[in-house]
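Summary of the model geometry
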Amino acid sequence: MPDRAPGPSREHELDGIHRAADGCRDCPLYEHATQMVFGEGPAPAELMLLGEQPGDKEDRAGHPFVGPAGALLDDVLADAGIDRSVVYVTNAVKHFKWDQTRGGKVRIHKSPSRSEVVACSQWWEQELAVVTPKVLVCLGAIATKAVLGPSAKVTELRGQVVEQLAVAVVPTYHPAAVLRAAERKDQMRDDLVRDLHVAAELLVG
């Protein structure tokens, strides 16, 4: 992946991608989302985190990882010795896909289809090209499949280093999956921290 000039020029590139993504109509998810949620963080950045899609709070706020999963992400990054302020954070899918509960008061996360993930791949790929990270951490199955292909499985690959797209890719659990894990929550959280340690070690290796 070629080096690019740091600073304002890259921010300008990301602003242009942000504006283009905001007008994307390549899949129907924009029709029911509050807004497009773009990535945030420094560019360049040695570490980029690719999540799955915005949740309810992210959809309303317009920022990635600001809900409960985002709070857990902050905690596990800190446990792994990683400062979130130096990490670029984004999602494989930029619009919130949801179903409404009976009575219409709560919006429930719904996984995007493969075609929706593919349609949105142009945006994280452009972010990757501008941010030029040394390591890309894929948080969850959707992000892992988006980068490594539809047959990739987090359960088989998590914590490993896969060379793809001229960057070291480390698949791991999504923080939201940890929160939903019930009796396995502590174990999955520990695994997530260990996987982030793998990514951190690559940055200094």
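Residues numbered from 1 in each chain as written. Predicted model: local features only at pLDDT ≥ 70, side-chain atom pairs only at ≥ 80, totals over all residues. Heavy atoms only, no water.

**A short note on the pattern of salt bridges**
Once their charged atoms are close, side chains differing in charge can pair, the charge on each being opposite to the other. Across all of its chains, the model carries 10 salt bridges by this definition. The salt bridge partner of E127 is K94, with a shortest N-O separation of 2.5 Å. Of this pair, E127 sits in helix α4 (residues 114-131) while K94 sits in the loop between β2 (87-91) and β3 (98-100), and the two are 33 residues apart along the sequence. Judged by relative accessible area, E127 falls into the buried class, the value being 0%. (Salt bridge = Lys/Arg side-chain N within 4 Å of Asp/Glu carboxyl O. Helix = DSSP H or I, 4+ residues; strand = E, 2+ residues; numbered from the N terminus. Buried < 20%, exposed > 50% of the residue type's maximum accessible area, 1.4 Å probe, protein only.)

**Brief notes about the sheet that holds strand β1 (residues 47-51)**
Think of a sheet as strands paired side by side through backbone hydrogen bonds, with each pair either parallel or antiparallel. Sheet architecture is open: five strands sit in the order β2-β1-β5-β7-β6, paired in mixed fashion. Each having just a single partner strand, β2 and β6 (162-164) make up the two edges of the open sheet. Within the sheet, the average angular offset between the axes of one strand and its neighbour, ignoring direction, is 30 degrees. Here three bridges tie β6 to strand β7 (residues 167-172), and the two strands are oriented antiparallel to one another. Note that in β7 the partner of V162 across the bridge is V169. Along the sheet, α4 makes contact with β1, β2 and β5 (135-139), crossing β1 at roughly 170 degrees. Against the sheet, helix α5 (residues 141-148) contacts β1, β5, β6 and β7, and its axis sits at roughly 135 degrees relative to β5. (Pairing = 2+ DSSP bridges. Axes fitted to C-alpha atoms, helices over the stretch in contact; angles between N-to-C directions. Contact = heavy atoms within 4.5 Å.)

**Thoughts on the packing of helix α3 (residues 68-79) against helix α8 (residues 185-204)**
Look at α3 against α8: their axes get within 8 Å of each other, and the N-to-C directions meet at 55 degrees. One finds that α3 runs oblique with respect to α8. Between α3 and α8 the crossing geometry is right-handed. Here α3 contributes L72, D75, V76, L77 and D79 to the contact with α8, which in turn contributes R189, L192, V193, L196 and H197. Counted by class, the contact of α3 with α8 contains six nonpolar, one polar and three charged residues. (Parallel < 35°, antiparallel > 145°, perpendicular 65-115°, else oblique. Left-handed = near helix turned anticlockwise from the far one by under 90°. Nonpolar A, V, L, I, M, F, W, Y, C, P; charged D, E, K, R; others polar.)

**What to know about the packing of aromatic side chains**
One pass over the full model with this rule turns up zero aromatic pairs. Just above the ring of Y30 sits the side chain of R25; from NZ or CZ to the centre is 4.2 Å. Residue placement shows R107 over the ring face of W98; its charged tip is 5.1 Å from the ring centre. (Phe/Tyr/Trp six-rings, centres within 6.5 Å; stacked < 30°, edge-to-face > 60°. Lys NZ or Arg CZ within 6 Å of the ring centre and 35° of its normal.)

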